[in-house]
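Structure assessment
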Amino acid sequence: MTNQKEGSADTIQKEMESYLGIRSIDELFEDIPPSVRLNRPLKLPAAKSERDLSLYLDEILSQNLPVTSFLGGGAQFHYIPALVKEVITKPELLNAYTPYQPEVSQGMLQGLFEYQSLINELTGMNVTNASMYDWPTAIAEALLMCRRLFNNRTKVLLPQSIHPDRLSVVENYLAGPKISYELISFNKETGELDLEDLRTKMNENVAAVYLENPNSFGVIESEAATVSRIVHEKGAKLIVGVDPISLALLEAPANYGADIVVGEGQGLGTPLSFGGPYFGFFSLQYDRKIIRQMPGRVVGLTKTKDGTKRAFVLTLSTREQHIRREKATSNICSNESILAFGAGVYLSLLGANGLRKTAEYCLKAAHYLASEINKLKHFEAPIFKGQFYNEFVVRVTKGTMAEVETRLVEEGFVGGYTLEKCHPELGETAIFCTTEMHTFEDIDRFLKVLRKIDKDLGGGA
Amino acid sequence: MNKKEIIQAHYQEPLVFELEPTNYPKYYAPEIPPEIMKNVPATDKLIPKEMLRKEPPKLPSVAEFQLARHYLRLAQMNYSVDTNFYPLGSCTMKYNPKINDFLSMDRRLSDVHPFQPARTVQGNIRILYETEQMLNELAGMKRTTLQPSAGAHGELTGILVIRAYHYDHGEGEQRTEIIIPDSAHGTNPATAAMAGYRTVIIKSRENGLVDLEALKAVVSEKTAALMLTNPNTLGLFEQEICEIAEIVHDAGGLLYYDGANFNAIMGRCRPGDMGFDAIHFNLHKTFATPHGGGGPGAGPVGVVEKLVPYLPKPLPEFDKKTGTYYLNFDVPKSIGKIKGFWGNFNVIVRAYAYMLSQGAEGLKRVSEQAVLNANYLKKKILECNAWTLPYAPETPRKHEFVLEGQKLKEETGISTLDVAKRLLDLGFHAPTIYFPLIVHEALMIEPTETETKQTLDKFAEAMKQIAKECHEQPELLVNAPQNTAVPRIDEVLAAKEPILSWQMYQERQTEK
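Here we summarise the structure given alongside this text.

Conventions we followed
Position labels on residues start from 1 in each chain and follow its written sequence. The naming scheme follows written order: chains are lettered A onward, ligands numbered 1 onward. Local features are withheld for residues below a pLDDT of 70 in this predicted model, meaning they are given only at 70 or higher, and side-chain atom pairs are given and counted only at 80 or more; totals for whole chains, interfaces and linings count all residues. Here a helix means four or more residues in a row that DSSP labels H or I, a strand means two or more in a row labelled E, and each is numbered from the N terminus. Residues are called buried when their C-beta atom has 20 or more other C-beta atoms within 10 Å, exposed when it has 12 or fewer, and partly exposed otherwise; all C-beta atoms are positioned from the backbone. Whether two residues are in contact depends on their C-beta atoms, placed from the backbone: they are in contact if these lie within 7 Å. Taken over C-alpha atoms, the radius of gyration is set against a globule rule of 2.2 Å times the number of residues to the power 0.38. For two strands to pair, DSSP has to find at least two bridges joining them. Only the contacting stretch of a helix is used when fitting its axis, a line to C-alpha atoms as for every element, and angles between N-to-C directions run 0 to 180 degrees. By convention a crossover is right-handed if, when the strands point away from the viewer, the path from the first strand over the helix to the second runs clockwise. Here the angle decides the label: under 35 degrees means roughly parallel, over 145 means roughly antiparallel, 65 to 115 means roughly perpendicular, and every other value means oblique. For this classification, Asp, Glu, Lys and Arg are treated as charged, while Ala, Val, Leu, Ile, Met, Phe, Trp, Tyr, Cys and Pro are nonpolar and the rest, including Gly, are polar.

**Some remarks on the overall build of chain A**
- Secondary structure summary: chain A contains 13 helices and 15 strands in total.
- Projecting the C-alpha coordinates of chain A onto the three principal axes gives extents of approximately 85 × 55 × 50 Å.
- Looking at the 461 residues of chain A, the share that counts as buried comes to 59%.
- Excluding contacts between residues fewer than 6 apart, the proportion of contacts in chain A whose partners are at least 24 apart in sequence is 72%.

Right under this line is the structure:
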């Protein structure tokens, strides 16, 4: 049965068809060769009403178990103020395309310009692009960029402590341009970068060295300035990967010699969402020549043509794929703009004090948890002597970390990310993380469960 | 006609750094629990001396109420598809249903860590699994990785998978070239170069399609792949796709499908049936996920059976015996990872919800209406007699069409850029301009399926008005836009004397 309205919609459709001189829409698809036409319905579920879709998703999500987790490793659970969520879901911002027409896109452009500037305050640089896909791809793009800055340096160095997933992404990006890499080992005692190994591997063929601070073991690289000296003595570039919230407490990488700073922006107002979307930030110091090699979009401040108003626009686009095609600095087009915009809201809202308070919470909660775990008979935490921020490596000296994890899940907890596959030499280890989302009660209940597990492991080592 | 019709708010909105500093109390960061404060040393004892920050970052000190106004005003100076028509060619700016956003904000999705054990995230892995199944069916592919972050990232993934395939078959060093038509999206050659390939560009024929002879002349034992979008960027379906596939396959190369134009063909034909070996989807285009002013997107990559072993890992699987979902990391020939974690999950969920609400029939209808709208609007605008339709004017377009503004420019001196800016004045977003490169003064228009005939008519009316103005009041175009948040922007100045941040702005001020 068709009602009046649907009837008239059909009429409009017919009007359009007859305007085109066709009897049915099929005629518009007649240039598709018969041999490749799909002559059957798609094997997909039938359409669901909004109610049914909501019920269906609700049922699926009820299969997720609610847990309290102490996972980090490149994604951390942080509080997202309501204003951040509200701003980044405003339809005028959320449902816009890339601001190719700046005169009608000043809101997005100004917000991204502010984002770029706010990140600069953290990193100590004066240029940040409008976002990369995430931290791992930002590292990869930084390495590619450094390679382009030299004629014949074809090698890069990365820390052996780097998370294996980040390394895997980097490997994929290095494959095409045939850039080789070597890993710099870490000091087995401190967990920091092994400076001797770095010195040995540095030479005139190295385009860039990537350092993480805090590194993937959570350890703060106390000798970052020395690393910088060693790298620069050989004329190479230093890329530093950071946790942006930690920069409320830790030195700005520009101040110890970083040439490019990258990192995971997720903590700045983006939900965990099972791994994405996140965004990578990419910062450097302005230099007329070097900037030409930067990947990604960047917003600049300019004037209107009549000279009357300040205005914002995507600029330096002659680096990009839509202009330069195969000579572009990167193929990146869509990035993570709205999340970067949200990070701007987050940083403006928290301010320096709020960010510092958040960072201190992360830092102190981690130290509390580590020291309590270390009191257990069969656990060591942290296993490295180097000072750490909010992630640290825990070792179980009896049984396996996998068994510990299983027990924890039964009690509604998830512990750390196990390192057995990437660092078997460290024994049965996992990396734990705390943030301001962990209340004292969370930590206390977690410790109670760990104590029980420890006890069940029994006496002896 | 000259009257000023304000279509956007005009604020002289200060930068967030220029807002008045206030000391309004804030409650965003929680207090550190006293039990922890008591037992843990002071902050400066926990951080190596050399690494302690000497100066706090100079972030704004402003209250939420100031920021709420600031961002509301910024939003009011931003055009979106919720504002009006957004005919940006190749970008598929369709309406994004609100239910998808709402569902994606469920805390059971948003507060889940990617490294949680599979048994705690059965629902999430199931969503990945079912999304993949639906995409496989839509494209006629065997498996699809959901990992890539965007279309271009999908391209890179697909080409790296193809590269791995050639290496695994002992032809990696030999196959050094990727063939790309001159009408291709800029990301195609940029991707090929990034993956280490030499790009071989082939010219389009006078009918806008791939020139088989030109293709035959360049394929060789060096060919790794041909990258193609079908329908192509002119909105024309590559009718000789089977012959194209044969030529490339006979030379040992593979076919890559750029899925930017997938909105044209859902339920009508499938890249897998056309002979393509790999395809990326743009979930933020075809599957109605918000583009966020530049991202996030998601660019899943589907492949035929022989490429499955090389896909990024992990892949979502369902174990029938135990009735559980899991992420399979045991993919020995996999290229590994192309980004952190498993994909832009929050985007994937929205696309999943979109596919479920449309269903098989609905998705087919989507493409039909998109193609009907494009052809309707094309004919309407051609009636202005101002723009021409280069390449096979009699052949129906698919989801988009490209107009040439050369004649208008020669007659009136008005460029496509001016036309685009004037459209903004009349309350419309401009089409994609100066692309594809094989059309002079190009206007690339993609109306999508979520527009009414009335909107299309109004847009055609606006184009008609502009065509008239070109002759009678060219100053209206040259000085456009006037009704927007700001008048035309000096982009040359922006690139010549770059001010890329508040910091550089301040440096510039002190220099002066």
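**Digging into the overall build of chain B**
- Helix and strand content of chain B: 18 helices and twelve strands.
- The C-alpha atoms of chain B give 26 Å as radius of gyration, which agrees with the globular expectation for 512 residues (24 Å, within 12%).
- When burial is assessed residue by residue, chain B has 58% of its 512 residues classed as buried.
- Taking the contacts inside chain B whose residues are at least 6 apart along the sequence as the reference set, 74% of them involve residues at least 24 apart.

**Observations concerning the sheet that holds strand β12 (residues 391-396) of chain A**
Residue and element names in this part refer to chain A.
- Pairing is antiparallel across the open sheet formed by four strands, whose spatial order is β11-β12-β15-β14. Two strands lie at the open edges of the sheet, namely β11 (379-380) and β14 (417-418), each paired on one side alone.
- Sheet analysis places β11 next to β12, joined by two bridges and oriented antiparallel. Across the sheet, residue glutamate 380 finds its bridge partner in β12, namely arginine 395.
- Where helix α11 (residues 337-374) meets the sheet, it contacts β11, β12 and β15 (429-433), and its direction lies at approximately 10° from that of β12.

**So, the environment of A:Asp134**
- Structurally, A:Asp134 is set in the loop between β2 (127-128) and α6 (135-148).
- Assessed through the 32 C-beta atoms surrounding it within 10 Å, A:Asp134 is described here as buried.

**Details of the pairing of strand β6 (residues 237-242) of chain A**
Residues and elements named next belong to chain A.
- Counting buried positions along β6 yields six of six residues, so the element is predominantly enclosed.
- Residues Lys237, Ile239 and Gly241 of β6 are buried on one face, and the alternating residues Leu238, Val240 and Val242, pointing to the opposite face, are buried as well.
- Of the strand pairs in this sheet, strand β5 (residues 206-212) and β6 are connected by five bridges, and their pairing is parallel. Bridge assignment links valine 209 to a residue of β6, and that residue is leucine 238.
- In this fold, β5 hands off to helix α9 (residues 224-233), which returns the chain to β6; that crossover is right-handed.
- Relative to strand β7 (residues 260-264), β6 runs parallel, the two being bridged by four bridges. Paired with valine 242 across the strands is glycine 263, a residue of β7.

**Digging into the packing of helix α5 (residues 106-123) of chain A against helix α3 (residues 64-76) of chain B**
- The N-to-C vectors of α5(A) and α3(B) enclose an angle of 135°; their axes lie 6 Å apart at closest approach. As far as their axial angle goes, α3(B) and α5(A) are oblique. Taken together, the residues of α3(B) that come into contact with α5(A) (itself represented by A:Gly107, A:Gln110 and A:Gly111) are B:Leu74, B:Ala75 and B:Gln76.
- Among the residues forming the contact of α5(A) with α3(B), the class breakdown is two nonpolar, four polar and no charged.

**A look at the interface of chain B and chain A**
- The interface is formed by 171 residues belonging to chain B together with 166 residues belonging to chain A.
- In terms of residue count, the dominant contributor to the side of chain B that touches chain A is helix α12 (residues 345-382) of chain B (20 residues).
- Of the residues that constitute the side of chain B that touches chain A, the class distribution is 92 nonpolar, 48 polar and 31 charged.

Functional significance is not addressed by these values, which are geometric in nature.
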